[in-house]
Each structure stands twice: as C-alpha cells, then as structure tokens.
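# Observations on the three-dimensional arrangement
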Amino acid sequence: MIKFVLMVNQQGQTRLSKYYEPVELSKRAALEAVAVRCCLSRGKHQCSFVEYKDFKLVYRQYAALYVVVGVTDSENELSIYELIQNFVEVLDKYFSRVSELDIMFNLDSVHIILDEMIQNGHIVETNKSRILAPLTAIDKMADGSETTPDTPRFAIKL
Amino acid sequence: MALKIVKGSIDRMFDKNLQDLVRGIRNHKEDEAKYISTCIDEIKQELKQDNIAVKANAVCKLTYLQMLGYDVSWAAFNIVEVMSSSKFTYKRIGYLAASQCFHESTDVIMLTTNQIRKDLSSPNQYDTGVALTGLSCFVTPDLARDLANDIMTLMSHTKPYIRKKAVLIMYKVFLKYPESLRPAFPRLKEKLEDPDPGVQSAAVNVICELARRNPKNYLSLAPLFFKLMTSSTNNWVLIKIIKLFGALTPLEPRLGKKLIEPLTNLIHSTSAMSLLYECVNTVIAVLISLSSGMPNHSASIQLCVQKLRILIEDSDQNLKYLGLLAMSKILKTHPKSVQSHKDLILQCLDDKDESIRLRALDLLYGMVSKKNLMEIVKKLMLHVDKAEGTTYRDELLTKIIDICSQSNYQYITNFEWYISILVELTRLEGTRHGHLIASQMLDVAIRVKAIRAFAVAQMATLLDNAHLLTGNTQRNGICEVLYAAAWICGEFSEHLENPMQTLEAMLRPKVATLPGHIQAVYVQNAAKLFATVLKGEEGNTDSTAAQEASQLMIDRLPLFVQSANLEVQERASCILQLVKYIQKLQQKDVEVAEEVNALFAGELNPVAPKAQKKVPVPEGLDLDAWINEPPSESESEDEQPKAIFAKEEPKHSRPRHTEVDEKELARRREARKQEQANNPFYIKASPSSQKVYQEAPGVEHIPVVQIDLNVPLKVPGLPMSDQYVKMEEERRQKERAEKKKKEKKKRKEKRSGRGKKHDSAPESEEDITPAHMVDIVTEEMPENALPSDDDERDPTDPHKALDIDLDKPLADSEKLPVRSHRAAEAQKSPTDGETENATLQEPKKKSSKEKRGKKDKERDRKKSKEEKKKKKHKHEDKEEDLLVDQPDEPVLQSEETSQVAEPPTSSSTNAEVSDLDFWLSNAPVPSNTQEAATVAAAAPEPSVTAPDSEPDEPKDTEMEETKSSKHKKKKQKKEKEEKEKKKKKKHHHHHHHHGDGAGEESVQNGTVEEEEPLPPMSNYCLLAENSYIKMMMEDADEVYDIQGNLQDGSQVVVSVIFENKCNSFLKSMEFNVLDSLNSKLQRPEGSGPHDGLVVPFQLPPGVSNEARFVFTVQSIVMPQKLKGTLTFIVKNEDDSTHEKVDFKLHFTCTSYLITTPCYSDAFAKLLESGDLKSSSLRLEGVNMPFHHLLARICFHHHFSVVERIDSCASMYSRSIQGHHVCLLVKTSAQTVSIDAKCDEPTLLGNVLDEIKQTFSQC
C-alpha cells in the first residue's frame, strides 16, 4: 500500500503532498523533512529505495524535483518506481513539458491526476489517456475562464 | 441582487488566485510567514462573502497553504460549503480541500453525509467520482456505516470509471465498518471477473490487501485468482495477484505446488523486472512453505538464485539492491544455494552505495558457518578499517558482533579468537557501540568458562592501556568497554597472572575522569582484586606484598570518596574503611584473607531474560484473588456511622466495583512488577537460584576444558586475530588427518561388528570440532518454565476486525444499513458492545431484556421463514431485500444470529472447501464424496513422512495425492467441527446468562466467562495395551452423515492413537476387525472381507500417531461391539518378531449422535409435534455444578444446549440417521432428572443408559 506521495524540490520545499493514511499536520512537516533529507542526501550512484522506520521510500529525481513515495513493506518497489515514471509522464503529457512551476500553479490539476492514478493507497489506473480523460472533461467544463500562466518554464528532463 | 453579483465578480477580479499566492510567496522569501499571515487574513475575509466563487478560490488557496504546513482546520465548515456547491468546478475544489484537511476527528464531517450521498447518486459521473475519491481520504466509521450501501450499489454502476472507484473505496469502508465486509463480499468477488480491466484490477487490489492480513478467509478464492493469473496480461495486476498467492501459500502447501510451474514460466518469459522480482519473491515464499528438502524443487531455487544473481550483477543499483533483498529471503531456508555466491556478496561490500553494502552485510549474517566464520569476519574487519563514515562503520561493528554471537555463538569454534576480535574492535575510533562490545565481553567471559583465563589476561591488558581508549574525548563511547574489563578482571581475578599490577591500573588517578557507573565498577572490582591479592600472599611469611596492596588502596581510594557520583562515593568510602580495618589487622599479623574473600564468594550465573516471566504460577495460587475480601456492601452499610470521621469514597454498586477493581488490580500488578524489576533485593522466585549455591563448590564436575595443545593459552600482548585464523587452519588440517585415521579404525571396527551407530558420513562443516570443548553455560530458567508465549497480534490493528469468515452464507441480520428512520436507542456505534452491556444494568434492565427477548424470538421466526426461502434461491441479492429492516444490529445480536444461522449452511461451506480441494489435487478425484471417503478409508492417514520414507514407489504417488487431499479435507472438517463446538459453548453461555436473569457478574464485565473452570475432558479411551503398544480410541469422534441415503447406512470414523511403548521400531501394522452383520470396516476395493487394513505409518520408539478407520453401520439404535486384532512387527537391532494385540471396539449409541444446534422455537415445535416417544432418567448424588453437568453431556454425548433457565436446561442432538433426541435436564440438590424424547425409543433408552453410565463413573 502507498502511504504518501510527495513532490519536493532540491531546496526541500514541498510542491505536492498527498497522504493515504491520516497523519497529523504537525507530524507531516517532520516526516516530509526527514523523507526529503533521506532522498536528497543520496547520490546518483545509490539505489532509489530507502528503508525508513516501518516503511520504505521509493524516490526518483527529475531535474531539481524529487518524487518521493512512501510505501508499506509489502509493496513491490520496482512497480512503485515505474509508477513514479508513469505519473511524471502523464504530467508531462498534460502540461506538455512539465516544470516545477506547472505543478505549483496547477496544484489542483495535479491532484486530480494523482487521484485518478492512486486511490486510498492503491494504483487504480495507469493508462495515460484514461487518466487524463476526466481532467480534460473538467477543463472543458470550466468555461475556459482560466488561462495558463505565461511564466518561464524549466523543463524537467525525463 | 444583480448588483450584488456584479459587485461580487468585480471584487473577485481583485482577489488573489492560487497563482498569485504562489508567486507572492516566492517574492516574499524573507518574510514568508508574515506574507502568509496577511494572505490568511484575506482568505478569512473572502470566506465571509456569499459568493461561492470567491469562497472556492479561498478554499483553493487554503489547500495550498495546508500543504505548506499551515493549520486550516478553522475553515472546515467553509470547505463543506464549497463541497456542496452545485457547480462541479467548485465542488471538486471543496472535495480536494476536504480530502487534504479532514480527518476522523473533524466534527463537520457528519454534516457531509447527505451531501456525499447526493453526489454519489449524481447523474454526472465526475460528481460521483470526485465524491468517491474524497471519501476515500476522510471516511469515518459513521460515514462508512451510513454510506456502505450506496457505495455497494455503485459497485454495479454502468460506468467502469465509477465501478473501479467504488470497489477501491470499499476497502476503506471495510476497515472503518467491518460489519460491511460479509454483505459486500459477494459483489466484490464478482468484480474480479468484471469485463473492465480497471475494475478487475481494483477488486484484485482490495482483496489482496484484505487477504494479506487475514489470508485464511480467502483461500477459497485461490482458483479464481489462479485463473486471473494465467489469463491477465496487466503486470500491475499480476504483481498483486502473485503477492496474494505469496500470502496464501503458507496456509495451503498444495497451492504452492500448483503455483511453481506458472511462476517459473513467468520468470522465464517476462521482461518486466518488477514482475520478475515479484515472481521470484513468491516462489521463495512458496518454497519456504513447502516443507524443506523437496528434491524436485531444487531446480526452482536454483532458477531463483540465478535470476537474483543476474539482478545483483546488474549495473542498475536498484536491481542490485532488490536482488540482495530477495536473496536474504532464500537464505533463511536454503542457505546452501546462497552460500555458493559468497564471492558476489563479498564484492557488494565494496559497493559505492551504503544501502547495498548494508544488504550485503545482512546476507553475510546468514551465510556464515563454522568453516567460513573467521574468513568472513576477517574481511569485515578489513572493511571496518577502511570504512569512511561512522554510521557505516558502526553498522559493520554491530554486524560483526551479530554474526559471531548468533544462535548462541553457534559458529564460533575458537573463543580466544573471538575475544581478540572484540579487543581489536575497541580500537575503533568514535564508535557508539562500546556498550555492545562490553556486553559481548561480559557474556562470553561469564558463559564460556574455558575462556576465562584468556579473557582475564586480555582485559588486564586493556585496563593497563586504558589511556589509549579514554585519551580522546571523541572516543567516549568505547570507554564502556572498560566497564566490562574491570568487572571481568575483578570477578575472575583468580585467573590473573599479576593481580597487583591490575589493581594498580584500576586505581590510577585518570580513572576519575571516566563516567560514574564505570568508576563504581572499578572501585568495587578493585576490592575484589584486593581480596585476591591477599589470598595470594597468605601463605607467604613475608607480608609486605599484602601490606603494600592495602597501602595502595588506602592511598588511592580517597580520590573516589570525593567523587560527585553517589554510587562511586558510597562504594569507595565503604571499601576504604574496610581496607583500613584490614590494614590494622594485618599489622597485628592476623590472617584476614579468607574473611575478605568471603565477601565476594559465590558464582554469578547468567539468568535468561524471560526467566521471571516463565515462572509458572504454583497450583492453587490465584494471583487475581483477594487476599482479604474487599468490604462487602452490607458491611459498609453497617459501618456507615464511622464515615463521620473519614470521608468515604462514593459507593459503587457491587458489580461496577469489581470491574474497576479488575482494572485497578491489573494496574497494581503492573506497578508491582515494575517495582520488583527495579528492586535489586527482590529475590526472584526461581527455585534454581538456590541450586546455584548448592552447586557452587561442585563446579569441577562439569565437563569442561579439554585444552587443545595446539593453541597456546596465553599470547603475549594484544594478539592479532589473524594469528588465530592461521592456527585454526593448521588445527583443522591436523584434525582432518586424525579423523581419517579414526575412520580407518572405525572401518575396521565395522567389519568386525555391526556398528550401525558409528555413522561415518563424509565430512561436513558441522564436523569441525571447536578448539576448546566449550560448554556454554546455558542461561538459567526456573524449573518447569512455561513454554514460550507467542507475541500476540497488536490488538489495535484495525485489520483484526476484518478477520471474518467469508465463506459462510449471509445471515439475514447481516445487511448493510439502509437509510431509514432509526429508533433513537438503536443509534449506537456498532463497536461498543461494552456500553451496551452496561446499559443492561440500568434499572430498566428487566423490561429491556424482555423486549430483547421478544425481538429475538421475532427475528428467529423470521429467520426460519427466510431460511426456507434461501434454500430456493440462495444467490438472491440480500441488500435488495427490504422485507426485514434492521438498520443497526448491535454486534452481540448479529454475532449470535450468525452463529445460529451457521449449521444449515455448513454443508455448503464444505462444498466450497471441497471445491478448493478438488482444484488443488491434480489427481482425478471421484465426484461422489462417498467414493472419496472409500478411497480415504483405504489409507485414512497418510503420515507426513510417508512420501519421504518411500520415495521408491512412484506409482503410489498419484494415489497418495488423493489421499492427502482427502485427509486435509477431513482435517478441515474436524477443525470446523471443533470451531463449531467452541462456538456452541459460547452460545450456551450466552443463553445461560440471558436465562439467569438479573445480576450475573460475568455479564456485567462484558465478557462471557466461565464461573469455574471445567475439568479437562477427553473422549479417548483405552482400547488395548500390551508391553509394546498402547491403543487409544476416540469413540467415533466424527460421524459422516450421508444425507438422504439412509438405506445404505451411515459411516462412522474411528480415530485410534497408536503409541509405541517399547524401545523397538514397530512396523507393518495391520488393523483388522471381525465384521458383524450390522457394522463393517470399510476396506479398499478388491480386498476380501477378512483382510486387515495396513496402518499407514511406522512407529519409532516412544512415538504415537493417529489413524482413522471408516466403518459402515446399518442400524444405529443399539450399541455395537466389534472384536479386532492389530498385528505388527517389532523390529530390534538384530531381529524382528511378529506380535499382535486384541481389542474390542465399542460403538456406543452416543457415537451416532451429531452435535446439532437447535433454536428454541424449532425445539418447541418438535416437542409439540407428538411424534416423539418419551422416557426419563433420575440420577442421584450428582455432585457437580450444573454447567459442568451440561458440559459433560454436551461433550461426551454430543448434545447442544438449546436453552438454559436457572437449573433447568433443554438440550438437543440428532443421530446420523436423522433421529431427533431432546432432553430436559433439571437439577435440584444433587438430584438430576432427565426427561427425554426421541422418535426411536430403543435409541433413546440406550443413550440414556450411556448418560447414566457417564455420571456413575464420576
């Protein structure tokens, strides 16, 4: 089971957090800090799995952004590793070359994508177009009032 | 109005949206907190407006702030407002915020129930979707209960998008509201075969997660999952299914056998590493569950190990890591296959990645053997030297110690080597694990007597060079070692070469810089050393040495007397005074050595850590009983006037009192335990501690040290452990040579005699004899210590509540609550059975109970109706059925009903079980169960060892498989029956409490407890016994009832325990019975009516085993006696004899009765029907509690209690041919009268006779 999904930048700032098990707000900050430190301190030559307390962290680095997933001991690490890749690919498809700013400015969309992929800690959907179907439908509904911000983009290298 | 809207939208233009907020935070890096607090103020303003768009925008920003760690719970109500917006764009913002911020204790959640229900049933699939997603994050027990039915309906929604979400959220619902599991499970199971792969995958996910926690309830799904596994192409799903199988196989080894092939195929074919990894993992789990050593599976292990090797050799660090991780699982069961890859694993120790190195270390832990321990540790020591970073080095250190000390130093052949390793480890800089090394030193020195002399020498050197360890403050952790060194030198000072020198080293001024607890040990042990010095000098005429020692003590101790540490100070001043006194005596030439030594006499033995816990409670001692009865109510009432002087605590009613006291007692007990644990003067109640003192002088007779002269006892200076490696090599070579010589000798011996015991197997690593014959003093345990107590599962685990039998068909009461008007009193959370019980004590007790009774009856009646219906169309959807509307069944009742509802369904569960069996056994299984039974009768008990002991009969294997499957089935059935029995017991108590009316204490405690423990009962009776063998029979413990087949007669299974009482091997046992007209032993097809049955096992000396025999019985109204003989061969070392023993099988009428529960109204109907003949029985002088009496009848005569009211009970049982037997048991003052009714008077008469006999025996 997946316990949480985090997106953090290299400065340790949380860009997205989603918990599938209730964690107190005060403990979240501490948990995120530790998780981030664990992952940031690891070099390129090190494996992407970290054992932490009673669960495991699986992380992947994309440019300056880290995606960290906390999973229970029973989860298959490699499949989660692939899930992260899949998630980022979906983001990339939706935002066409996703950047950290996209994620910050469109947090709700990212959440919708994540919700389509993972629900209460289990993977629901991995097909990209099916993941994006509800989101595109929603975007059509939202009478085009919101325009995408024209901010400089820092592409995430895939 | 219009103006207001315009104004609102104008306002909105100036509001910050999320993007502005994010940008703003980025632009205020210096004063972020201040900026955010102004933003929050703005948001608060925005939330006050009526415009929903503004509110939604505000909530959206709050979600972002919440992510940054700001508490936004104050806006919970606004979030609910936004959630209930009709516009989807806002609604989803609300739900997103809710899913991020709400948790179980958010109180506004209860306001959302109706909104969520509305959204769930919305025509817009996205409304439903967003509600489901949100709900999965913040579902509470209340929400789960109220919405379970709605969600379950959604599981059959037309859109797969909704279906899959609904299926997934059911998992959360189950967790929060376990009662929903059984009603919802059939539909969940359906979803496994949903046409949409997404839904399928969701269902697989949920069931996998459920099954992982409580695998046994999901075994019956194995065939379905197997089908999915072989058909699915979705790797994500495959991984889950394979994982599920990993959880199931330990429960059903046959499943494992079936899985091996498809899994190995997958391993060969898949290109997905994640799937490969999962397959390997599950294959490992399967192999672990199959009893080890199956030769035909070594190929699978090899395959796994090979694949893992490829992973480990891969340049991808992730794969390398996982490969090592999986390898460590194989290691546990098949160490040999992993050990051949030692090179690879040692290589991984050099990896750049620390996690990989740690994994490799873990593996090494399991790979050591006596042979390679020294070599591996040597490698590790090298790594210790060059490791950078203290954490990794510390890890190495602990691993070295773990590796060496594992399973009681099993692999250490040379303890001198180990001590020197420990000493070398003390030179590590900056380690935190000084205490670990210290405890190892102490442990080894105490437990390995042979090593003490060497250890003491080493420790003395350590003490001498203490400045090396303490010189640097950074190395502080290591000074713990000095604690051990000082203690060892003091305690075993008789081994010291030069105690005076060590004494001097221990009293150096520098010692005062050590931590207090170490100084204390120094001081105390200096005294011990001093005693030893005195003893050593005693014979000498020249007493100067002794006096020097005293002077040294007197000179140096004052330093410690001034210590700030209380312990040090106290010990030092005591000892200082003592030494001063001794000095005086010395000056008068008085011999004091003996007295001083007496201070430290006696040997300390290691005590097992759990020793205290294992002390059995002496018979007759009830730790929970009051020593002095607590003042009873009446007394306190009498003493009321006294209360004038002391303010009395408010009086409790008595039952409440006991409850509180129970808690209080437990608390006090805990406190007492704590206190005792902390109290050094508390003498533990271990009887063997006294033994120690008795044995102390007789230590000599323990077979100790057989010193190998190859190893010099004393190595000057600090020895390098490497020396030992070399020495060990030499020693082993020598040993091998010697062994060869011996073997030759043995062979010679062999030729002369039949020396079977001198088995000269090829040399294995286990043959390496230790350098010292080391006796590891085992830790002390109290006599007759209790067997180890397993750790219970965490009681707070939410999954515990989900341990629910899913194969049982649903009872009517088990349905999801449907929205309806609920009576106020029923609105109880389903979990608080205790409070419910408590309410029973209220003054209204009686009336409420009466009500309940009525309700029960009503329900029962309904149920019986329902049952009839159910038979017709079993698979009708229950939740559609609105006939019976009982929204909130309290747990107690629903449990009860489910128990009651069980019996008619057990046949169907059996069918399911046998389906599984059928699926699992590859051999053709006869479709007719009776036929299967005959096959089983041919060899009812294939002993576990049978396949191993007769591997050379391949034609039998197929047969055996059928047998074993059949055997399993029986076992399962037996288990089930036992369970039923247990349940029935509970059931009976239940009734009993209801019947007993007011004020039964055990009810109030919320637990159903036995008033007095029942004496143990066994149905086994002695069948026959001679000097070789003992046969015990259980009188037809199980009765197979072939329904609707009465003419054919029925089958009775007899279990016989064979116990070998002699010292020889018993084999070729044949069991034969002289058939009567009425009863026949079932023999395998093709054998004559007088052939015996081969007992399918052999009995080594002292072993007992159980076999079952099936008999066909025509008429059951009379008891039967069958004569039989057992023939067997007694095999001694040199000869074998045929022996036989005769026995008589006695089939009582009771043995034809099956415990069948019956509800009171059915019972009443039965009695009213008038078809039954009656008879009665009076028993005089029965001197046992009524519930014992009932329990005896239940146990020995297979009855069940229908109802019990005070000292009167009705009981029911049914024969295998369908005769009803009803009893009414009454007791008054040692007289028991039993009125009985049955439709077969002869049977009844016999049963009553047997009951009478049972009670006349006791």
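None of these values were measured; they are calculated from a predicted model.

Reading guide: rules and limits
Residues numbered from 1 in each chain as written. Chains lettered and ligands numbered in written order. Predicted model: local features only at pLDDT ≥ 70, side-chain atom pairs only at ≥ 80, totals over all residues. Heavy atoms only, no water. Helix = DSSP H or I, 4+ residues; strand = E, 2+ residues; numbered from the N terminus. Buried < 20%, exposed > 50% of the residue type's maximum accessible area, 1.4 Å probe, protein only. Contact = heavy atoms within 4.5 Å. Areas by Shrake-Rupley, 256 points an atom, 1.4 Å probe, with all protein chains shown as cover. Axes fitted to C-alpha atoms, helices over the stretch in contact; angles between N-to-C directions. Parallel < 35°, antiparallel > 145°, perpendicular 65-115°, else oblique. Left-handed = near helix turned anticlockwise from the far one by under 90°. Nonpolar A, V, L, I, M, F, W, Y, C, P; charged D, E, K, R; others polar. Buried area = accessible area lost by both parts, 1.4 Å probe. Salt bridge = Lys/Arg side-chain N within 4 Å of Asp/Glu carboxyl O. Polar contact = N/O pair within 3.5 Å; in protein donor to acceptor, adjacent residues only side chain to side chain. Pairing = 2+ DSSP bridges. Expected span 1.5 Å × (residues − 1). pLDDT = per-residue confidence, 0-100. Patch = residues over 30% accessible without salt bridge, like charges linked within 9 Å, V, L, I, M, F, W, Y side chains within 5 Å. Arc of directions from axis to C-beta. Phe/Tyr/Trp six-rings, centres within 6.5 Å; stacked < 30°, edge-to-face > 60°. Lys NZ or Arg CZ within 6 Å of the ring centre and 35° of its normal.

### Some points on the overall build of chain B
The helix and strand tally for chain B stands at 49 helices and 15 strands. Burial status across chain B gives 48% buried among its 1258 residues. Pairs at least 24 apart in sequence give 72% of the contacts found in chain B among residues at least 6 apart. Accessible area of chain B: about 63300 Å², with a carbon and sulfur share of 52%.

### Brief notes about the overall build of chain A
Looking only at helices and strands, chain A features five helices and seven strands. Going residue by residue from the N terminus, the α and β elements of chain A occur as β-β-α-β-β-β-α-α-α-β-β-α. Buried residues in chain A amount to 63% of all 158 residues. With the model as given, the accessible surface of chain A reaches about 6200 Å², and the carbon-plus-sulfur share is 51%.

### Thoughts on the side chain of B:Ser563
Here B:Ser563 shows up in the loop between helix H31 (544-561) and helix H32 (566-587). Residues within four places of B:Ser563 in sequence aside, it is in contact with B:Gln519, B:Val568 and B:Gln569.

### Overview of the packing of helix H29 (residues 499-506) of chain B against helix H30 (residues 516-537) of chain B
All names here are of chain B. Interhelical geometry of H29 versus H30 gives an angle of 160° and a closest axis separation of 9 Å. With respect to their mutual orientation, H29 and H30 come out roughly antiparallel. In this structure, the crossing between H29 and H30 has a hand that is left-handed. Side by side, H29 and H30 meet where Pro499, Met500, Thr502, Leu503 and Met506 of the first sit next to Tyr522, Asn525, Ala526, Leu529, Phe530 and Val533 of the second. Here the contact of H29 with H30 is built from residues that sort into nine nonpolar, two polar and no charged.

### Some remarks on the packing of H31(B) against H32(B)
In a packed pair of helices, the relevant descriptors are the angle between the two axes and the axis-to-axis distance. Residues and elements named next belong to chain B. Remark: H31 packs on H32, axes separated minimally by 9 Å, with the N-to-C direction vectors making an angle of 155°. By the angle between their axes, H31 is roughly antiparallel relative to H32. Our pair here, H31 against H32, has a crossing hand that is left-handed. Of H32, the residues touching H31 (which contributes Ala546, Gln547, Ser550, Gln551, Met553, Ile554, Leu557, Pro558, Phe560 and Val561) are Val568, Gln569, Ala572, Ser573, Ile575, Leu576, Val579, Lys580, Gln583, Gln586 and Gln587. Here the contact of H31 with H32 is built from residues that sort into twelve nonpolar, eight polar and one charged.

### Quick look at the interface of chain B and chain A
Contacts between the two partners involve 55 residues from chain B and, on the opposite side, 54 residues from chain A. Of the roughly 5100 Å² buried between chain B and chain A, counting both surfaces, carbon and sulfur atoms make up 56%. Across the salt bridge formed by B:Lys165 and A:Glu116, the nearest N and O atoms sit 3.4 Å from each other. Taken together, the links from chain B to chain A amount to 24 residue pairs in polar contact (both at pLDDT 80 or more). For the side of chain B that touches chain A, the leading source of residues is helix H10 (residues 160-176) of chain B, giving seven residues.

### A short note on the pairing of strand E3 (residues 49-52) of chain A
Residue and element names in this part refer to chain A. For E3 and strand E4 (residues 55-62), the ladder comprises four bridges, and the chain directions are antiparallel. In the sheet register, tyrosine 52 faces E4, and the bridge partner there is phenylalanine 55. Taking the residues that link successive antiparallel strands as the turn, the E3-E4 hairpin has two residues, and the phi of lysine 53 there is positive, at about 50°.

### Some points on the sheet that holds strand E1 (residues 2-9) of chain A
All names here are of chain A. Here five strands make up an open sheet; going across it, the order is E2-E1-E5-E4-E3 and the pairing antiparallel. Only two strands of the sheet have a single neighbouring strand rather than two, namely strand E2 (14-19) and E3. Each adjacent strand pair in this sheet contributes to an overall mean axis angle of 20°, direction not counted.

### Re the sheet that holds strand E9 (residues 1136-1147) of chain B
Residue and element names in this part refer to chain B. Spatially, four strands are ordered E6-E4-E8-E9 in an open sheet, and the strand pairing comes out antiparallel. A single partner strand is all that each edge strand has here, and the edge strands are strand E6 (1093-1094) and E9. In this structure, strand E8 (residues 1120-1131) lies alongside E9, joined through twelve bridges in antiparallel fashion. The partner of isoleucine 1129 across the bridge, within E9, is histidine 1138.

### So, H32(B)
All names here are of chain B. Between the first and last C-alpha of H32 there are 32 Å, a value that for 22 residues agrees with the 32 Å anticipated at 1.5 Å per step. The complete set of buried residues in H32 reads Val568, Ala572, Ile575, Leu576, Val579, Ile582, Gln583, Leu585 and Gln586. Contacts from the buried residues of H32 go to H30, H31 and helix H33 (593-598). The backbone nitrogen of glutamate 567 lies 2.9 Å from a side-chain oxygen of the residue at the head of H32, namely asparagine 565. Backbone geometry just downstream of H32 places aspartate 589 in the positive-phi region, at approximately 60°.

### Regarding unusual backbone geometry
Residue and element names in this part refer to chain A. At asparagine 120, a residue that is not glycine, the phi angle is positive and equals roughly 25°. In this structure, asparagine 120 sits in the loop between strand E6 (118-119) and strand E7 (122-123). Taking relative accessible area as the criterion, asparagine 120 reaches 1% and is therefore assigned buried.

### With respect to the pattern of salt bridges
All names here are of chain B. For the coordinates displayed, the defined rule picks out 40 salt bridges over all chains. In this structure, lysine 227 and glutamate 193 form a salt bridge, with 3.0 Å as the shortest nitrogen-oxygen distance. Placement of lysine 227 in helix H13 (residues 222-231) and of glutamate 193 in the loop between helix H11 (181-191) and helix H12 (197-213) is noted, with a sequence separation of 34 residues between them. The salt bridge partner of arginine 447 is aspartate 443, with a shortest N-O separation of 3.3 Å.

### Overview of the confidence of the model for chain A
Residues at a pLDDT of 70 or more form 89% of chain A, whose mean pLDDT is 82. Confidence over residues 145-155 of chain A falls short of pLDDT 50; this stretch has 19 contacts with residues more than four positions distant or in other chains.

### What about a nonpolar patch on the surface?
Residues B:Phe77, B:Met110 and B:Leu111 make up a contiguous nonpolar surface patch of about 350 Å² in total accessible area. Mapped onto the secondary structure, B:Met110 falls in the loop between helix H6 (88-101) and helix H7 (113-120).

### Details of helix H3 (residues 32-48) of chain B
All names here are of chain B. With 17 residues, H3 should reach 24 Å at 1.5 Å per residue; the first-to-last C-alpha distance of 25 Å fits that figure. Among all positions of H3, only Tyr35, Ile36, Cys39, Ile40, Ile43, Glu46 and Leu47 are buried. Down the axis of H3, the smallest arc covering the buried residues is 140°, so these residues share one side. Turned more than 90 degrees off the buried face of H3, the exposed positions are Lys34 and Lys48. Next to the buried residues of H3 lie helix H2 (18-27), helix H4 (52-67) and helix H5 (76-83).

### Brief notes about the environment of B:Gln524
All names here are of chain B. Structurally, glutamine 524 is set in helix H30. In this structure the C-alpha to C-alpha distance between glutamine 524 and alanine 486, which are 38 residues apart in sequence, comes to 9.1 Å. Beyond its immediate sequence surroundings of up to four residues, glutamine 524 is in contact with Arg571, Ile575 and Phe600.

### What to know about the environment of B:Arg432
Residue and element names in this part refer to chain B. Along the polypeptide, arginine 432 turns up in the loop between helix H24 (415-425) and helix H25 (434-447). With a relative accessible area of 54%, arginine 432 lands in the exposed category. Along the backbone, arginine 432 and leucine 397 are 35 residues apart, and their C-alpha atoms lie at a distance of 9.8 Å.

### A short note on the packing of aromatic side chains
Counted according to the given criterion, the structure contains 18 aromatic pairs over all chains. When the ring of A:Phe4 is compared with that of A:Tyr19, the centres are 5.7 Å apart and the planes differ by 40°; the resulting orientation is tilted. Note that A:Phe4 is positioned in strand E1 and A:Tyr19 in strand E2, a separation of 15 residues in sequence. With respect to burial, A:Phe4 and A:Tyr19 carry one shared label: buried. Ring centres of B:Phe1071 and B:Phe1143 lie 5.2 Å apart, and the angle between their planes is 25°; on these two criteria the pair is classed as stacked. With B:Phe1071 in strand E4 (residues 1065-1073) and B:Phe1143 in strand E9, the pair connects residues that are 72 residues apart, well separated along the chain. Here the aromatic residues A:Phe4, A:Tyr19, A:Tyr52 and A:Phe55 are joined through ring pairs into a cluster of three or more. One cation-aromatic arrangement involves B:Lys44 over B:Trp74; the distance from NZ or CZ to the ring centre is 4.9 Å. The ring of B:Phe226 is capped by B:Lys258, whose NZ or CZ atom sits 5.7 Å from the centre of that ring.

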